[in-house]
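Overview (structure and organization)
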Amino acid sequence: MKKSDFYDLLKFIPKAEIHIHEEAVLSDKTIKTVYKRSFGKEISKKEFDDLFDYNDLTGFLDSFIKIQKFFTNIEDLTFLFNDFSDYLEENNIVYCEAFVSPTSHLRKGWDFNQMMKLIDQSLAKTKKEKNRIVKILIDVSRSFGLENAMNNLDLVLNAKDKNILGIGLGGDEKKGPAKDYAKVFDKAVENGLKVVAHAGETCPSWSIKDALNLLHAQRIGHGITAADDAELIAELKKSKIPLEVCVTSNTFTKVVDEIKNHPIRKLYDEGCMVTLNTDDPTFFKVSLIDEYWRLYKELHFTLDEIKQIIKNAYLASFLSKKAKKEYCDQVDAKWDEWFKAHPDCK
């Protein structure tokens, strides 16, 4: 299939995304606007370019936190979510479970409940105007230690916000092993929250096992080092624990050398529940439709496999069984509709 036809098809199909950091879906315009609001001057070309000059996960995370510090007015959150809403529409993402990382903002003195009020208003606007649903996973974060993670959890529990599904453990797994955060996740599960964890991105498969066994993770963010562990692959296949795979992210941060060598192909072929996500679109210069094209073009996924991975995102989400079926049925219907209108593309 030609690239133009593929993009037209993927734009037509309603999709879900379940591993994306909301703060990393911001436009160049927003970065420049909040910088000027915060520092009273235009950001220089060099400083702007330096924000995206990194070649590993640590460098990316440092840049991520630096940009967060540009947001000195709590009302700036509306800029972020306007950009996020545009991203959803451009990629025809109708359901999304997004990470929000509050720690850097809380350290500025922002109030968590006020932050969530602004976020809730933005999400309501997106649903009303664009018919796109976003739910939140609060990143308790490895980057700031156990005490901070527990504090973030307590804020979630006290807020009782209808848009917060649960918590996730993000950040560099090399600097924050799962065992350090077991108490946080025990408490989250005891209180009925959903729990997910980044694991198997830069560390071997033991990190994934710890996330499953010590954190009770219901999904694994990235999880690609499972490809080196046949026993774990068999366990993941049996349990159907979803993997939130982010192909371009892994290549950009040099976790994988080239997209054509990405282990998503092996994980899918072995029967793992694989989903496809962008992680941080602005930082990795990628959209969800771009990600699917790279599966098709460089990893040789068939169109039928692409459709299944699209449906996997809904199946791996925290939607109800009924909603999952309805969304998957929509994918099938739209898929058939597009190919009926484009018979030469079969």
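Right above here is the structure, for reference.
Structure report, in brief. Fair warning: this is a prediction, and the values are worked out from it, not measured in the lab.

Now for the packing of aromatic side chains. As enumerated under the stated definition, the model contains 18 aromatic pairs in all. Plain terms: the ring middles of Tyr-35 and Phe-70 are 5.1 Å apart, the flat faces sit at 85° to each other, and that makes the pair edge-to-face. Of this pair, Tyr-35 sits in helix 2 (residues 28-39) while Phe-70 sits in the loop between helix 4 (57-68) and helix 5 (77-90); the two residues are 35 residues apart in sequence, bridging distant segments of the chain. Given a relative accessible area of 3%, Phe-70 falls into the buried group. Centre to centre, the rings of Phe-81 and Phe-84 are 6.2 Å apart; their planes meet at 55°, and the pair counts as tilted. You can see Phe-81 and its partner Phe-84 sitting in helix 5, 3 residues apart, about one turn around the helix. Each member of the pair, Phe-81 as well as Phe-84, carries the same accessibility label: buried. Feature note: the residues Phe-6, Tyr-7, Trp-293 and Tyr-296 constitute an aromatic cluster, connected by ring pairs. A cation over an aromatic ring shows up here: Lys-32 above the ring of Phe-48, its NZ or CZ 5.1 Å from the ring centre. Taking the ring centre of Phe-52 as reference, the NZ or CZ of Lys-285 above it sits at 4.1 Å.

With that settled, consider the side chain of Thr-253. With respect to the secondary-structure elements, Thr-253 resides in the loop between helix 12 (247-252) and helix 13 (264-269). Among the polar contacts made by the side chain of Thr-253, one reaches the main-chain carbonyl oxygen of Ser-249 at a distance of 2.9 Å. In this structure Thr-253 touches Asn-55, Asp-56, Leu-57, Phe-60 and Phe-284, once residues within four positions along its chain are discounted.

Judged by nonpolar contacts, the single largest core of 120 residues is most densely connected at Ile-167 and Phe-283. Residues in contact with Ile-167, not counting those within four places in the same chain, are Leu-137, Ile-138, Val-140, Leu-153, Val-156, Val-184, Phe-185, Ala-188, Leu-193, Lys-194, Val-195 and Val-196.

Next up on the list: the packing of helix 10 (residues 206-214) against helix 11 (residues 230-239). Between helix 10 and helix 11, whose axes approach to 11 Å, the crossing angle comes to 40°. Our classification of the angle between helix 10 and helix 11 gives oblique. As for the relative orientation of helix 10 and helix 11, their crossing is left-handed in sense. In contact with Ile-208, Lys-209 and Leu-212 of helix 10, helix 11 contributes Leu-232, Glu-235 and Leu-236. When its residues are assigned to classes, the contact of helix 10 with helix 11 shows 4 nonpolar, no polar and 2 charged.

This part is about the pairing of strand 3 (residues 133-139). Of all 7 residues making up strand 3, 5 are buried, and the element is well covered by its neighbours. By the bridge criterion, 6 bridges tie strand 2 (residues 93-100) to strand 3 in an arrangement that is parallel. If you follow Tyr-95 over to strand 3, its bridge partner there is Ile-133. Note that the unit made of strand 3, helix 8 (residues 146-159) and strand 4 (residues 164-169) has a crossover that is right-handed.

By the burial criterion, the buried members of helix 10 are Ser-207, Ile-208, Ala-211 and Leu-212. Buried residues along helix 10 cover an arc of 135° about the axis, so they all sit on one side. Next to the buried residues of helix 10 lie strand 5 (194-199), strand 6 (219-222) and helix 11. Residue His-216 follows helix 10 closely and has a positive phi angle near 60°.

Conventions adopted
- Residues numbered from 1 in each chain as written.
- Predicted model: local features only at pLDDT ≥ 70, side-chain atom pairs only at ≥ 80, totals over all residues.
- Heavy atoms only, no water.
- Phe/Tyr/Trp six-rings, centres within 6.5 Å; stacked < 30°, edge-to-face > 60°.
- Helix = DSSP H or I, 4+ residues; strand = E, 2+ residues; numbered from the N terminus.
- Buried < 20%, exposed > 50% of the residue type's maximum accessible area, 1.4 Å probe, protein only.
- Lys NZ or Arg CZ within 6 Å of the ring centre and 35° of its normal.
- Polar contact = N/O pair within 3.5 Å; in protein donor to acceptor, adjacent residues only side chain to side chain.
- Contact = heavy atoms within 4.5 Å.
- Core = buried A, V, L, I, M, F, W, Y, C linked by side-chain atoms within 4.5 Å.
- Axes fitted to C-alpha atoms, helices over the stretch in contact; angles between N-to-C directions.
- Parallel < 35°, antiparallel > 145°, perpendicular 65-115°, else oblique.
- Left-handed = near helix turned anticlockwise from the far one by under 90°.
- Nonpolar A, V, L, I, M, F, W, Y, C, P; charged D, E, K, R; others polar.
- Pairing = 2+ DSSP bridges.
- Right-handed = clockwise from strand over helix to strand, strands pointing away.
- Arc of directions from axis to C-beta.

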